[in-house]
Amino acid sequence: MFFRLRRSRRTLIPAGFVCLLLAASCSPFSPREAEEPVGEASDYVEPQDPWDVISNLKNSIETQSDLNYERLFAEDFVFVPDQSDVNDLESIYYPGVYDDWGAETERQVGRRLLDESLTSHPALSLGEGEVAEDTDSTYVVRHDYELGLFRGRYKFYMGTAIFRLSLNPGDGLWYIRQWEDSRSEAGQAADRDTWGRLKGEIRATS
Amino acid sequence: MWRIFAPILLLAAILTWVVASAAQPADGAADSTGTDDPDSSYADAGEADSSLVDSGDSLAVGMGDDDAAGGGRGRGKRRGNRDSLAWYPQDNWLGDTHPKYEITISKELDVTKWNSKISMQRKLSDKLDLNLNATLNTKENQSLNRSESNDGTTANLNYKLNEDITLGLVYNSTVLANRYSIKHSEPDDRRKKEDTRVSAAFSKQVSDAIALDFKTLAGSTENSYADVRNKGSRANLIGSVTFDPNERFNTKVGFNAERLNLDSAVDSAEVDIFKSKDETQRQRLTVSAGYTLIPGLNLGFNAGRSDETRQHPEPKQRIQETEKHSSRNLGISSSFNMVPWFTWDMDVGFDDSERRYTVAPQKDNISENSSLSGNAKILPWRGAALNLGGERKESFSSYQGSDGETDVQRSLSLKLTQGLGSKADLSVTALSDLLSIFFVDKAANPKDRDRLKNRVTLDLNFTAFKRISTKLGLQYGEEQTIYVLKEASADNRTTRRYRLSGRYSFTTFRKIDVMQDYDISSVYTYYHFTDDEFGRNTLVRNSNVQTRLVFPIIRSLKLNFGHTYKFQDQGRYSEKGGKRTYSRASETEAHRINLGLNYKFINAIKIFIRQSYYVQQKWSLTGGKKELESQTVSSEIMGRVVFNYNLGDRTKVSLRLEQNLKEGERVNQAYRSYRNIEFEASHVF
């Protein structure tokens, strides 16, 4: 009897695992049916090289593809705003607006930024990248940027962005792990707000 | 200039001090350096210091003076009483003041930072204590040509009137200054915030069941930034009543209110000064209760409501904005923990929020959220644990005048872990998550969509012998992105990820550690509506092998060797007629070799040297012909020295120097050779 029980348990455990694996591989949810497309697909390249990520960032902004924008960021992403934007927005009016700015916050703010019912005619120009670090798993590049978009009125945002990208060993693709935003001399001279300021305002008022 | 010379002088003084004390290793000093634990208690510090006093070295004079200043409460006396009063926190010794000074100076690439902090806690009497903190932080970025400084001061005086009532005085000051050119002597942008407040706190356990806590704060606040200045008063009232009649029932009601009155002025050189009287009011009321129906079966309830009216000037538009914000929330939770083989918990929550603007009503927004989640843990058989989880969240939001959207997220998770004897364990994890977004105005925003994520992983750990361990992992993931409407559905795609990874490690003769990792993965991206035969569908395949060896040459010297091999190929593929045709477009192969040396010179000094060489070749494949597209070669040599020294438990010094020399084609010249420095020191006076 004891032998039978042991044997049955020995077969039950692997059988249970197999059943669970089979059950797990079947999705309990299914998405909606889609209509046949009428337009062209947006430009998106699998980011095998770090500069593919920068190119996807520009394309996702200009085509207002928030899903492509969401795919740019690593799960441990961190946004570092310019200190003067923190000072201005985190005054007594919006305390903590830049706190805990991770991938989920960036994706939500990106959705608001690229929402077609609120934003139109976005254009992003990036200056020549200055590479500070380039290894097989890390790439740090600095770009001056100018972002123009219509949200009630057409407005330009200028500054410098330092992107720290990392290679995800799970799929061999590159993602943005840190985005450090700061005012540039040109932006300061032209009295333009930074992109980080716009992102902070979107988060503060939503 | 003082920012440069002051830390150097301080560093020189501390190093001289450290060298002088190290050069005369008195018995007591030897004892003190033996305390390596940075978290060791203050009581240990006292012993170490008194031994230094006995040793008669240069530090002893300083310590003696410090003791004298401490109101004649000598260390010998303290040490003599320590055994009998070991239970009493050392910080509470009346009359003892031990200001702590900390400084950190670091330079990493083009960013230089100076941080210094002085803090002090002093118990003036049984009823009166004082806390002081001052910080000075400066950051300079050479390549951006910018500097930022942040100076903060906090003073806190508390007077305990009796067992129930504490009175306090708080002063906070923060000055932030930015220079957009390092050469500028005057800051281009300055912000100052100053608060002075008095407080009264009442805390009383009225009976075994009822506890009351109330705190009120009132004072003045002054704030200036950019063109805006404001000055006024701030008052807060915080209170809670806890009713806890027995072990099975508890409830708490909390209230938090703030009132802020400010006279604001927007001062612009070109136009008149704009003035406004800004009033801000915030209130929040919360209620929570917990009930144990029977031991192991618990119910919880929480609800809250908050309202806020906030006025502030809009500097660029020179008008006063009024924001009104209100929110409500309600939550119910339950947990079952009656039998060891089955536990569960379940939560239901609802909340809504509304924000309205007077001047800019286009920024109005509302949101309504509900959620239902549950988790269960089952122990089905010996050595196994099954965790099941599920969640459904629904949220409606309308933002900046849009008609709004509803997001519905559903997820299920499962994790089974099975111990297979003492040497192995196995786990299976599965996750399924569907996020659906429904826009109300589909003409304005035709991006109704679903995103479905499924993932299954299997991990096996096996330790065959004490010094040999292996690990195997299998992973499958799928992500479907479906735009429902025709305007956006050209982007619909499914990405499938497959991954197989393995690792083994063992220790051979002479304690040589060997470790190898294998990782193979592939990523398929399939576009649902693609006509072009090799249009947009992509396949990326990765192979990765890492080898690491650690040779302990002598106890304090280790040699590390590492090699990484990576291969990646990618191309387009077609799935027409159910047959998959793959056309490879490029291949990338890379090798990295690292050789490192770890040397622990003495306990205080550690040296690390690493040399690495990296080569990457990228080929393009056109019509079956393989051509070298690019070759990247880079090499790097890096040396690091870390010096950590604790002089007793009162003084800590650490210095980290790192020199890096890089040769790389893509890295900018400015970053190819750099020296990073970090110096930290702290002293408790």
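All residue numbers refer to position in the chain's written sequence, counted from 1. In the order they appear in the text, chains get letters beginning with A and ligands get numbers beginning with 1. Confidence filtering applies because this is a predicted model: local features only for residues at pLDDT of at least 70, side-chain atom pairs given and counted only at 80 or more, and all residues used for totals across whole chains, interfaces and linings. To get the side-chain values, all heavy atoms of the structure are used, and hydrogens and water are removed first.

Undergrad: Please clarify how the overall build of chain A should be interpreted in this entry.
TA: Note on conventions: DSSP H or I runs of at least 4 residues are helices, E runs of at least 2 residues are strands, and numbering of each starts at the N terminus. Scanning chain A from N- to C-terminus turns up seven helices and six strands. Secondary structure elements of chain A, listed N to C terminal, follow the sequence α-α-α-β-α-α-β-β-β-β-β-α-α. Think of it in three bands: with a 1.4 Å probe and only protein chains considered, a residue is buried below 20% of the maximum accessible area for its type, exposed above 50%, and partly exposed in between. By the burial criterion, 56% of the 206 residues in chain A qualify as buried. In these tables, accessible area is a Shrake-Rupley quantity obtained with a 1.4 Å probe, and a residue counts as shielded only by the protein chains included in the view. When the accessible surface of chain A is split by element, carbon and sulfur atoms take 51% of a total near 9,200 Å².

Undergrad: Whenever I open this one, helix α5 (residues 103–113) of chain A confuses me. Can you help?
TA: Helical geometry note: an α-helix holds 3.6 residues per turn, so side chains three or four residues apart project in the same direction. Of all eleven residues in α5 of chain A, nine are buried; the element is thus mostly enclosed. Every buried residue of α5 of chain A is listed here: Ala103, Thr105, Glu106, Arg107, Val109, Gly110, Arg111, Arg112 and Leu113 of chain A.

Undergrad: It is not clear to me how the side chain of Thr135 of chain A should be interpreted in this structure. Could you clarify?
TA: Within the secondary structure layout, Thr135 of chain A lies in the loop between β3 (130–134) and β4 (138–150). Given a relative accessible area of 18%, Thr135 of chain A falls into the buried group. Note on contacts: a residue pair qualifies if any of its non-hydrogen atoms lie within 4.5 Å across the two residues. Those residues within four positions of Thr135 of chain A in sequence are excluded, and the remaining contacts are Trp174 of chain A together with Arg592 of chain B.

Undergrad: I would appreciate a short explanation of the packing of α5 of chain A against helix α7 (residues 195–204) of chain A in the present structure.
TA: How two helices sit against one another is set out by the angle between their axes and by the gap between those axes. Residues and elements named next belong to chain A. At a minimum axis distance of 10 Å, the contact between α5 and α7 shows a crossing angle of 90°. As the angle between them shows, α5 and α7 are arranged roughly perpendicular. Note on element contacts: α7 touches α5 through Trp195, Leu198, Lys199, Ile202 and Arg203, opposite Thr105, Glu106, Val109, Arg112 and Leu113. Side-chain classes follow a simple rule in which Ala, Val, Leu, Ile, Met, Phe, Trp, Tyr, Cys and Pro form the nonpolar group, Asp, Glu, Lys and Arg form the charged group, and the remainder, Gly included, forms the polar group. Across the contact of α5 with α7, the residue classes break down as five nonpolar, one polar and four charged. For helices, the fitted line uses only the C-alpha atoms of the stretch in contact; every axis is such a line through C-alpha atoms, and the angle between N-to-C directions lies from 0 to 180 degrees. In this scheme, roughly parallel covers angles under 35 degrees and roughly antiparallel covers those over 145, while 65 to 115 is roughly perpendicular and the rest are oblique.

Undergrad: Teacher, can you tell me more about the pairing of strand β13 (residues 342–357) of chain B here?
TA: Moving residue by residue along a regular strand, the side chains alternate between the two faces of the sheet. All names here are of chain B. The criterion for strand pairing is that DSSP finds at least two bridges linking the strands in question. Looking at chain direction, strand β12 (residues 319–339) and β13 are connected through 15 bridges and run antiparallel. Each residue of the ladder has a partner; that of Asn329, found in β13, is Asp351. Remark: two residues form the turn of the hairpin made by β12 and β13, two consecutive strands paired antiparallel. As defined by bridge partners, β13 adjoins strand β14 (residues 365–378) across 14 bridges and the pair is classed as antiparallel. Within β14, the position partnered with Asp351 by the bridge is Asn369.

Undergrad: Whenever I open this one, the confidence of the model for chain A confuses me. Can you help?
TA: It should be kept in mind that the predicted coordinates are not to be read in detail where pLDDT is low. Residue and element names in this part refer to chain A. For every residue, the predictor reports its confidence as pLDDT, a number between 0 and 100. For chain A, per-residue confidence averages 84 on the pLDDT scale, and 85% of positions sit at 70 or higher. Considering each helix and strand of chain A separately, the mean pLDDT is smallest for helix α1 (residues 2–25), with a value of 56, and largest for strand β1 (residues 73–80), with 95. Here residues 1–7 scores under 50 on pLDDT; set against residues more than four positions off or in separate chains, the count is zero contacts.

Undergrad: What's the story with the pattern of salt bridges in this structure? I'm lost.
TA: Pairs can form between side chains of opposite charge once their charged atoms are near each other. Salt bridges, as used here, are contacts in which a Lys or Arg side-chain nitrogen is within 4 Å of a carboxyl oxygen on Asp or Glu. This structure, assessed with the given rule, holds 49 salt bridges over all chains. The partner of Asp66 of chain A in a salt bridge is Arg449 of chain B, with the nearest N and O atoms 2.8 Å apart. One end of the pair, Asp66 of chain A, is in helix α3 (residues 66–70); the other, Arg449 of chain B, is in strand β18 (residues 449–465), on a second chain. Each member of the pair, Asp66 of chain A as well as Arg449 of chain B, carries the same accessibility label: buried. Two residues, Arg548 of chain B and Asp517 of chain B, come together in a salt bridge whose shortest N-O distance is 2.6 Å. Here Arg548 of chain B is found in strand β22 (residues 538–554), whereas its partner Asp517 of chain B is found in strand β21 (residues 513–527), with 31 residues between them in sequence.

Undergrad: Got a minute to help me understand the interface of chain B and chain A in this structure?
TA: Think of interface size as the accessible area that goes away when the parts come together; that is how it is often given. Listed per partner, the contact involves 105 residues of chain B and 79 residues of chain A. Summed over both partners, the interface of chain B with chain A buries about 8,000 Å², with 52% contributed by carbon and sulfur atoms. Taken together, chain B and chain A are joined by eleven salt bridges. Between Asp171 of chain A and Arg497 of chain B there is a salt bridge, with the nearest N and O atoms lying 3.1 Å from each other. As used in this structure description, the phrase polar contact means that two N or O atoms lie within 3.5 Å; if the pair is within protein, one of them must be able to donate a hydrogen and the other to accept it, and residues adjacent in sequence are counted only when both atoms belong to side chains. Our enumeration of links across chain B and chain A arrives at 27 residue pairs in polar contact (both at pLDDT 80 or more). Examining the composition of the side of chain B that touches chain A, we find that ten residues originate from one element, strand β17 (residues 424–439) of chain B, more than from any other. A quick way to say it: buried area is the sum, across both parts, of accessible area lost when two parts are put together, with a 1.4 Å probe.

Undergrad: In this structure, what is going on with unusual backbone geometry? I would like to understand it.
TA: In this structure, His121 of chain A is a non-glycine residue whose phi angle is positive, near 50°. One can find His121 of chain A in strand β2 (residues 120–126). Even without being a glycine, Leu109 of chain B presents a positive backbone phi close to 50°. Inspection of the secondary structure assignment puts Leu109 of chain B in the loop between β1 (100–108) and β2 (111–123). Exposure remark for Leu109 of chain B: the relative accessible area of 26% places this residue in the partly exposed category.

Undergrad: Hey, could you run me through helix α2 (residues 50–62) of chain A in this one?
TA: All names here are of chain A. Its 13 residues give α2 an end-to-end C-alpha distance of 19 Å, which sits within 8% of 18 Å, the value for a rise of 1.5 Å per residue. Every buried residue of α2 is accounted for by Pro50, Asp52, Val53, Ile54, Asn56, Leu57, Ser60 and Ile61. One or two steps after α2, the chain reaches Gln64, where phi turns positive at roughly 55°. Take the residue count of a helix, subtract one, and multiply by 1.5 Å to get its expected span.

Undergrad: Please explain a nonpolar patch on the surface as it appears in this structure.
TA: Residue and element names in this part refer to chain B. A surface patch of nonpolar side chains, amounting to about 850 Å² of accessible area, comprises Phe214, Leu237, Val241, Val253, Phe255, Leu285, Val287, Phe301, Leu330, Ile332 and Phe350. Secondary structure elements with two or more residues in the nonpolar patch: β8 (228–246), β9 (249–266), β10 (274–294) and β12. Take Ile332: it is sitting in strand β12. Like-charged residues are merged into a patch within 9 Å and nonpolar side chains (Val, Leu, Ile, Met, Phe, Trp, Tyr) within 5 Å, provided each residue has over 30% relative accessible area and no salt bridge.

Undergrad: I keep staring at the confidence of the model for chain B and nothing clicks. Help me out?
TA: Residues and elements named next belong to chain B. Residues with a pLDDT of 70 or more make up 84% of chain B, whose mean pLDDT is 82. Segment residues 1–94 is flagged for pLDDT under 50; beyond a separation of four residues in sequence, or across chains, it makes 87 contacts in the model. At the level of chain-chain contacts, confidence expressed as ipTM amounts to 0.83, with global pTM at 0.78.

Undergrad: Quick question: what am I supposed to make of the packing of aromatic side chains here?
TA: For any pair of aromatic rings, geometry is given as the distance between the ring centres together with the angle between the planes. A pair of aromatic rings is counted whenever rings of Phe, Tyr or Trp (Trp by its six-membered ring) have centres within 6.5 Å, and the orientation is called stacked for planes under 30 degrees apart, edge-to-face for over 60 and tilted otherwise. Applying the stated criterion across every chain, the model contains 20 aromatic pairs over all chains. Measuring from ring centre to ring centre gives 6.1 Å for Phe643 of chain B and Tyr645 of chain B, while their planes differ by 0°; the resulting arrangement is stacked. On the accessibility criterion, Phe643 of chain B (17% relative accessible area) is buried. Tyr645 of chain B sits in the buried class, given a relative accessible area of 14%. Linked through ring pairs, Tyr69, Phe73, Phe77, Phe79, Tyr98, Trp101, Tyr145, Phe163, Trp179 and Trp195 of chain A together constitute an aromatic cluster. Positioned above the aromatic ring of Phe438 of chain B, the side-chain terminus of Arg32 of chain A is 4.1 Å from the ring centre. For a lysine, the NZ atom is tested; for an arginine, the CZ atom; a charge sits over a ring if that atom is within 6 Å of the ring centre and within 35 degrees of the ring normal.

Undergrad: Just to check I follow, could you spell out the environment of Pro122 of chain A for this structure?
TA: Residues and elements named next belong to chain A. Checked against the element boundaries, Pro122 lands in strand β2. On a C-alpha basis, the gap between Pro122 and Arg151 in space is 9.5 Å, while along the polypeptide they are 29 residues apart. In this view, Pro122 contacts Ile61, Glu62, Gln64, Gly148 and Leu149; residues no more than four positions away in its chain are not counted.

Undergrad: Looking at this structure, how should I read the nonpolar core?
TA: Nonpolar side chains in soluble globular proteins generally cluster together in the buried interior. Among buried residues, the Ala, Val, Leu, Ile, Met, Phe, Trp, Tyr and Cys ones that are joined through side-chain atoms within 4.5 Å form a nonpolar core. In terms of nonpolar packing, the biggest core is built from 41 residues, with Ile61, Phe163, Leu165, Trp179 and Trp195 of chain A touching the most fellow members. Broken down by secondary-structure element, the contributors of at least two residues to this core are α2, β1, α4 (83–89), α5, β4, β5 (154–168), β6 (173–182) and α7 of chain A. Here Trp195 of chain A is in contact with Leu57, Ile61, Leu113, Leu124, Tyr145, Leu147, Tyr157, Trp179 and Asp181 of chain A, once residues within four sequence places are set aside. Within the second largest apolar cluster, twelve residues are counted, among which are Ile103, Trp114, Tyr645 and Phe679 of chain B.

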